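# Breakdown of the fold
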Amino acid sequence: MADTPQFLLGLDVGNTVIKAVLFDLAGRQIAADAIDGHALKPQPGHVERDLAELWANGRSVIRNVLTAAGIAPSAIAAIGCAGHGNGLYLLDRDRQPLLGIQSLDGRGAALAAELEAAVGDALFPRCLQRPWPAQTPVLLAWVKRHAPDVYARAGTLLFCKDYLNFKLTGRLANEMSDASGAGLLDMADLCYSADLLALYGLSDAGRLLPPLISPADIVGTVTADAAAETGLAVGTPVIGGYFDVIASAMGSGVVRPGEASIITGSWSINQVFSDRLTVDPQIFMVSAFARDRFVTIESSATSAANLEWYVREFVERGDHSVPAFDHCNRLVGEIVPAADDPYFHPFLYGSRQGATFRAGFYGIAGWHREGHLIRAMFEGIVFEHRRHLSVLQSAGLGIGSAVMSGGGSRSPHWPQIMADALNMPITVAACRETGALGAAIGAAVGTGLFSSYEAAVTAMTQPVQHYHPTPALRPHYDRRYQQYLALTEALRPFWAAEAQAAPSHVSPPV
C-alpha cells in the first residue's frame, strides 16, 4: 500500500475489553483486534483494573492490528481513543500507575447518599448532576476519606482513555466530554471550578487535574518509546478522544441536534444530541464535546452487563470456546411472546433508582424453558431503556426514532424487541465497532480531513438495517412494561431490608 496517510486508528477502552480498529476514510473496517482484561474485585462492591495490564493490552492490540492490516505505520493519519466514563484513574506524583477504579464500582454508595443529602441541591446547578456511587469526584472523595495514604500519593487524575493517550504521547490531559460527564466541570463555562470541587469536599484536589482540552484537539504525537512498543510511527497525531457513549453514537451515525442514540453495552445508554444545554433535575447527566455540542444522557449499569454475567456463569462456565451468544440468540428466537412470560429486573449492579436494587427473575412456571429466561432478560433490559427514554421525553426532548449500537445491536432479535417495546423505529449501523469508529471520526475532524462532525459522520457511517414496531404487540408490551414498573415498586422495601441486613463491610454496587 502507498505510504500516505489514508487510514485512521480508533481505540475503544471498555470496563474490561480494549479494542483497536483500523478504518479507511470511508469508515470501512480494515483490521481489528481486542483483548479482554481482568476486573479486580478486592472487596464486595469494589471493581478495579490494573493499569499496567491496560497498557500492555493496548500496545498489543495496536501492534496486532498493524500486523493484520499489513500497512506502513506512516499510512495512519491520526489516532482517536474512546473510553468508559467516570470511575477513577490515578497516577502518583512520578506519573506511575496508582489506582484504577471502573465505572461498575459501588464503594461510594454511602458517600454519594451523604453528599446528596448535604449538597445535592447545590451541585446540580453547577455540574447538572447529582452525586452517584461511581461518579469520579465521589470516588476521589471516597479515596480521600478511606485511603488517605493513596490520596496523598496521587499526582494526576485521568479517565481511562486518557491514560492510554498519556502512554502514547507522554502528555497528561483530560478532555471535556469525559470531564463534563463526570460532574467535574462547571457546565455554564465548561471549565474546572474550585467552588465545585469544594462541594464534593475536594478543595485540595485542583492539583490533580491536568489541562483540559476539547475532544478533537491534538493532545500530542506518538513518542519514540510508544512507537517501539506498538509499531506506530513516531509523530502520529493523537486527539484528546471521547467519553465512549458519544463516540459510539457518532460511529452509529448520530451527531446532529435532535438525533437519538441507544447503546446496549455494560450500561444502558439513552441520549439525545443538541446544540444547547438541557437543564432538568430528573436527567442523569449532560456531556459536552464542544462549546455548542451537548448530549443529554439517561443511563445506568442495567444493560448487556446482565447478559454477559449470565453467559459467563451459566453458558460458558469457564469454556470460552462455547459460542455463548449464538446459543442465547437461538433460544430467544424459539420463543413466541406470551402473556405469562417471566419478568427480569436488570439490576445486577444496582439501579439509579436505588443502590440497593437487585436483579431477579419473576413469574417462572414449570413450562418455561431457558429461552424464556433469556428473552425475559432481553425484555427487562429494554424496559429499563424505555424508563430512561421516558425521563428524556418528560424533559421536552422529542424522540421519535433512535439508532441502536453496542453489543445488543448485533443480536438478530434484540433490536426488534427494542422497536416493539419502545414502539418506535430502530436503526442499526453497519459498523459493529461504533465506539472505535466514533473516535476515528473525531481524529479525522481534529486533523482537518473533514471540515465538520456532520461531514465526517456522513462520509464514514451508514445504516445496515431498520426495524419497525409490530402494531399487534403494542398492547402486550405496554401491559408488561406497567407490570415491570409495578414489580419494581413492590420490591423496594424488600431490597432496602436486605441491604440493612447485609454485613457492614459490603458496599452495594452502583
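Figured I'd write up the structure that's included with this text.

### Some remarks on the overall build of the protein chain
Looking only at helices and strands, the protein chain features 16 helices and 21 strands. For the protein chain, whose C-alpha radius of gyration is 22 Å, the value lies close to the compact-globule estimate of 24 Å for 510 residues. C-alpha atoms of the protein chain, sized along the principal axes, occupy 65 × 50 × 45 Å. Per-residue burial for the protein chain yields a buried fraction of 59% across its 510 residues. One finds the centroid of the 37 positive side-chain charges in the protein chain at a distance of 1 Å from the centroid of its 48 negative side-chain charges.

### Description of the packing of aromatic side chains
All told, the structure shown has 18 aromatic pairs when counted by the stated rule. Judged by centre distance (5.3 Å) and plane angle (70°), the rings of phenylalanine 289 and tyrosine 453 are edge-to-face. Note that phenylalanine 289 is positioned in strand 15 (residues 285-290) and tyrosine 453 in helix 15 (residues 453-460), a separation of 164 residues in sequence. Tyrosine 453 carries the same exposure label as phenylalanine 289, and that label is buried. For the ring pair phenylalanine 344 and phenylalanine 361, a centre distance of 4.7 Å and an interplane angle of 45° mean the geometry is tilted. You can see phenylalanine 344 sitting in strand 17 (residues 343-345) and its partner phenylalanine 361 sitting in strand 18 (residues 360-362), a full 17 residues away along the chain. Relative accessible area serves as the criterion here: at 3%, phenylalanine 344 is assigned to the buried category. It is arginine 107 that lies over the ring of tryptophan 142; its NZ or CZ is 5.1 Å from the centre. If you follow arginine 480 out to its NZ or CZ, it ends over the ring of tyrosine 343, 4.1 Å from the centre.

### As for the nonpolar core
Judged by nonpolar contacts, the single largest core of 48 residues is most densely connected at Leu8, Tyr242, Ile246, Phe273, Phe289 and Tyr453. Here this core takes eight residues from helix 14 (residues 434-446), the largest share from any one element. Once you skip the residues sitting within four places of it in the chain, tyrosine 453 turns out to touch Ala216, Tyr242, Met250, Val255, Phe289, Arg293, Gly442 and Val445. Val311, Ile399, Ile417 and Leu422 belong to the second-largest nonpolar core, a separate cluster that totals 46 residues.

### A word on the sheet that holds strand 13 (residues 260-264)
Strand order in the open sheet made by the seven strands is 15-16-14-13-19-20-21, with mixed pairing throughout. Every interior strand has two partners, whereas the edge strands, strand 15 and strand 21 (463-467), have only one. Direction aside, neighbouring strands of the sheet carry axes that sit 25° apart on average. Relative to strand 21, strand 20 (residues 426-429) runs antiparallel, the two sharing four bridges. Bridging across to strand 21, isoleucine 426 finds its partner in tyrosine 467.

### What about the sheet that holds strand 7 (residues 154-158)?
The antiparallel open sheet is built from three strands, whose spatial order is 6-5-7. Whereas interior strands pair on both sides, the edge strands pair on one side only; in this sheet they are strand 6 (97-101) and strand 7. Between one strand axis and the next, the sheet turns by 20° as a mean value, whatever way the strands run. Across four bridges, the pairing between strand 5 (residues 88-92) and strand 6 is antiparallel. Across the sheet, the residue bridging to leucine 90 is leucine 99, located in strand 6.

### Overview of helix 13 (residues 414-422)
The buried fraction of helix 13 is high, at eight of nine residues. Among all positions in helix 13, only Trp414, Pro415, Ile417, Met418, Ala419, Asp420, Ala421 and Leu422 are buried. Asparagine 423 occupies a position one or two residues after helix 13 and carries a positive phi of about 55°.

### Details of the layout of surface pockets
One number sums up the size of the second largest pocket: a volume of about 630 Å³. Contributing to the lining of the second largest pocket are 29 residues, with Pro131, Trp132, Arg352, Gln353 and Gly354 lying nearest its centre. Only helix 2 (109-127), strand 16 (293-300) and helix 12 (370-394) provide two or more residues apiece to the lining of the second largest pocket. Broken down by element, the residue count for the lining of the second largest pocket peaks at four residues, all from helix 2. The residue inventory of the lining of the second largest pocket, partitioned by class, reads 16 nonpolar, eight polar and five charged.

### Considerations on the packing of helix 1 (residues 51-69) against helix 5 (residues 160-169)
Put simply, helix 1 and helix 5 touch, their axes get as near as 10 Å, and they point 65° apart. As the angle between them shows, helix 1 and helix 5 are arranged roughly perpendicular. Where helix 1 crosses over helix 5, the handedness of that crossing is right-handed. Within the contact between the two elements, helix 1 uses Leu51, Leu54, Trp55 and Ile62 and helix 5 uses Cys160, Tyr163, Leu164, Lys167 and Leu168. Taken together, the residues that form the contact of helix 1 with helix 5 break down as eight nonpolar, no polar and one charged.

### Description of the side chain of arginine 293
Within the secondary structure, arginine 293 is located in strand 16. At 2.8 Å, the side chain of arginine 293 and the side chain of glutamate 454 are in polar contact. Setting aside anything within four residues of it in sequence, one finds arginine 293 in contact with Val255, Ser274, Ser287, Ala288, Tyr453 and Glu454.

### Notes on the packing of helix 10 (residues 305-316) against helix 12
The geometry of helix 10 relative to helix 12 is characterised by a closest axis approach of 10 Å and an angle of 155° between their N-to-C directions. One element, helix 10, and the other, helix 12, form an angle in the roughly antiparallel class. Within the contact between the two elements, helix 10 uses Asn306, Leu307, Tyr310 and Val315 and helix 12 uses Glu370, Ile374, Met377, Phe378 and Ile381. Of the residues assigned to the contact of helix 10 with helix 12, the class counts are seven nonpolar, one polar and one charged.

### Structural notes on the pairing of strand 14 (residues 268-274)
Strand 14 sits mainly inside the fold: seven of its seven residues count as buried. Side chains Ser268, Asn270, Val272 and Ser274 project from strand 14 onto one buried face, and the interleaved Ile269, Gln271 and Phe273 project onto a second face that is buried too. Both strand 13 and strand 14 contribute to a ladder of five bridges, which runs antiparallel. In the strand pairing of strand 14, threonine 264 is matched with serine 268.

About the thresholds
- Residues numbered from 1 in each chain as written.
- Predicted model: local features only at pLDDT ≥ 70, side-chain atom pairs only at ≥ 80, totals over all residues.
- Heavy atoms only, no water.
- Helix = DSSP H or I, 4+ residues; strand = E, 2+ residues; numbered from the N terminus.
- Rg over C-alpha atoms; globule rule 2.2 N^0.38 Å.
- Buried < 20%, exposed > 50% of the residue type's maximum accessible area, 1.4 Å probe, protein only.
- Lys, Arg positive; Asp, Glu negative; His and termini not counted.
- Charge placed at Lys NZ, Arg CZ, Asp CG, Glu CD.
- Phe/Tyr/Trp six-rings, centres within 6.5 Å; stacked < 30°, edge-to-face > 60°.
- Lys NZ or Arg CZ within 6 Å of the ring centre and 35° of its normal.
- Core = buried A, V, L, I, M, F, W, Y, C linked by side-chain atoms within 4.5 Å.
- Contact = heavy atoms within 4.5 Å.
- Pairing = 2+ DSSP bridges.
- Axes fitted to C-alpha atoms, helices over the stretch in contact; angles between N-to-C directions.
- 1 Å grid on protein atoms, 1.4 Å probe; cavity = no way out; pocket = protein on both sides within 12 Å on 5 of 7 lines; lining within 4 Å.
- Points joined across faces, edges and corners; volume = space filled by probe spheres on them.
- Nonpolar A, V, L, I, M, F, W, Y, C, P; charged D, E, K, R; others polar.
- Parallel < 35°, antiparallel > 145°, perpendicular 65-115°, else oblique.
- Left-handed = near helix turned anticlockwise from the far one by under 90°.
- Polar contact = N/O pair within 3.5 Å; in protein donor to acceptor, adjacent residues only side chain to side chain.

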